[in-house]
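Residues per chain are reported as follows:
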Amino acid sequence: IGEIEGLYRVEKDRRHRTVGGTSMGGYGALKLAFKYPDLYSAVLAGSPIVLLGDDPLAGIDGSESRSTQFFSQIFGQVYGNPFDREHWKRNSLLHLAPQAELDGLRIEMLYGTADRYNGMIPMEEGVRRLEKVLRERGAEVELKVYEGEGHGWSLIVDHLEESLRFLSAGF
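These remarks concern the structure in this document.

About the thresholds
Residues numbered from 1 in each chain as written. Predicted model: local features only at pLDDT ≥ 70, side-chain atom pairs only at ≥ 80, totals over all residues. Heavy atoms only, no water. Buried < 20%, exposed > 50% of the residue type's maximum accessible area, 1.4 Å probe, protein only. Helix = DSSP H or I, 4+ residues; strand = E, 2+ residues; numbered from the N terminus. Arc of directions from axis to C-beta. Contact = heavy atoms within 4.5 Å. Pairing = 2+ DSSP bridges. Right-handed = clockwise from strand over helix to strand, strands pointing away. 1 Å grid on protein atoms, 1.4 Å probe; cavity = no way out; pocket = protein on both sides within 12 Å on 5 of 7 lines; lining within 4 Å. Points joined across faces, edges and corners; volume = space filled by probe spheres on them. Nonpolar A, V, L, I, M, F, W, Y, C, P; charged D, E, K, R; others polar. Expected span 1.5 Å × (residues − 1).

Observations concerning helix α7 (residues 160-168)
Looking only at α7, the buried set comprises S163, F166 and L167. Looking straight down α7, one finds its buried side chains confined to an arc of 95°; they lie on one side. Away from its buried face by more than 90 degrees, α7 exposes E161 and R165. Against the buried residues of α7 lie β3 (18-22), β4 (42-46) and β5 (106-112).

Here it is, written out as C-alpha cells:
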C-alpha cells in the first residue's frame, strides 16, 4: 500500500499482519481472522468468549449478577431484542470456524482455569469445542491452558513475551 507520511510501511500481504485480543477482544480477533482470512497470518485470543449454541444468552447463568446483566445488555444491543438468530449465526465463532478459510492461519488461544466467568459462561467448554472444530479442519491451532490463572489482561500480561513471539513468528 505504501508509506504513510514516511513513518511506516503498510504491507499488502497477510504474512505481515496478525491480530490479537483478550476476552471479547479475543472473540473479535478470532472472528476477524475467520471472516477475513486474506488479511491475517496469525491470531492470538486470550480468554476468548466462545459462546455455545444458537442463542448466546441461553448458555449464560440466569442469575441477577452484574456480570450476567452486563452480558445480557451487550448481547441484546448487538443481536437484537427479540434475539436475531441469523445475525448470531453469521457472527458466532462456532458457526464461522467450520466454513472459514484456515490455510496458512496460525491460531493460539490462552485460557486460565480460574477465569472469573467460569461460573456464568461455560468458558472452558467453549474454547475446547472451538479448538476441536479447528483441529478437525486441519488448522494450525494451539490451546494453552494455564492452571489457576485468571481472565483477560492478567492472563495476557503473564504470558506477554510468548504471545508476542507467537504473533511475530511469521514476520
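Observations concerning the pairing of strand β6 (residues 140-146)
In this structure, β5 lies alongside β6, joined through 7 bridges in parallel fashion. Within the sheet, the bridge partner assigned to E108 lies in β6 and is E142. Running through helix α5 (residues 123-136), the crossover from β5 to the neighbouring parallel element β6 is right-handed.

Re empty space enclosed by the protein
This structure, assessed with the given rule, holds 1 cavity of 30 Å³ or more. Here the largest cavity defines a volume of roughly 30 Å³. Around the largest cavity sit Y27, I49, V50, L51, W88, S92 and L93, which together line it. A per-class count over the lining of the largest cavity returns 6 nonpolar, 1 polar and no charged.

Topic: helix α2 (residues 66-79)
Taking 1.5 Å per residue, 14 residues should reach 20 Å; α2 reaches 20 Å between its end C-alpha atoms and fits that length. Listed in full, the buried residues belonging to α2 are T68, F71, F75 and Y79. An end-on view of α2 places all buried positions within 65° of arc, on one side of the element. Counted as exposed and oriented over 90 degrees from the buried face of α2: R66 and Q77. Residues of α2 that are buried sit in contact with α1 (24-35) and α3 (85-89).

With respect to the side chain of S163
Topologically, S163 is positioned in helix α7. Assessed through its relative accessible area of 2%, S163 is described here as buried. Among all residues touching S163, those that are not within four sequence positions of it are L44 and L110.

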